[in-house]
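Okay, here's what each chain looks like letter by letter:
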Amino acid sequence: MTTTEFNTLQTVFDQIDALNKEHKSFVGTPDNSENIVRFVFRTKDIESKDE
């Protein structure tokens, strides 16, 4: 992984982390409830350089 690729990955991770902290629910919840929102991403398969 190059430095540029790593920096891009870190930026994406930071943005996802910020969104995760903002989103408590997609439908709205009562103020006294505790909720968790998780994001699931589909990515392409990672191929080994040995293959």
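A short tour of the structure in this document, coming up. Keep in mind it's a predicted model, so treat the numbers as computed, not measured.

Observations concerning the overall build of the protein
Along the protein, the regular secondary structure elements total one helix and zero strands. Of all 51 residues assigned to the protein, the portion counted as buried reaches 2%. Put simply, the protein shows about 5,500 Å² of open surface, and 52% of that area lies on carbon and sulfur atoms.

A look at a nonpolar patch on the surface
A surface patch of nonpolar side chains, about 360 Å² in accessible area, is lined by M1, F6 and L9. Mapping F6 onto the fold places it in helix α1 (residues 3-22).

Comments concerning the layout of surface pockets
Taking a probe equal in size to a water molecule and rolling it over the atoms shows the remaining empty space. Estimates place the volume of the largest pocket at around 300 Å³. Every residue lining the largest pocket is listed: M1, E5, T43, K44, D45, I46, E47 and K49. Here the residues of the lining of the largest pocket sort into two nonpolar, one polar and five charged.

Scoring rules and cut-offs
Residues numbered from 1 in each chain as written. Predicted model: local features only at pLDDT ≥ 70, side-chain atom pairs only at ≥ 80, totals over all residues. Heavy atoms only, no water. Helix = DSSP H or I, 4+ residues; strand = E, 2+ residues; numbered from the N terminus. Buried < 20%, exposed > 50% of the residue type's maximum accessible area, 1.4 Å probe, protein only. Areas by Shrake-Rupley, 256 points an atom, 1.4 Å probe, with all protein chains shown as cover. Patch = residues over 30% accessible without salt bridge, like charges linked within 9 Å, V, L, I, M, F, W, Y side chains within 5 Å. Salt bridge = Lys/Arg side-chain N within 4 Å of Asp/Glu carboxyl O. 1 Å grid on protein atoms, 1.4 Å probe; cavity = no way out; pocket = protein on both sides within 12 Å on 5 of 7 lines; lining within 4 Å. Points joined across faces, edges and corners; volume = space filled by probe spheres on them. Nonpolar A, V, L, I, M, F, W, Y, C, P; charged D, E, K, R; others polar.

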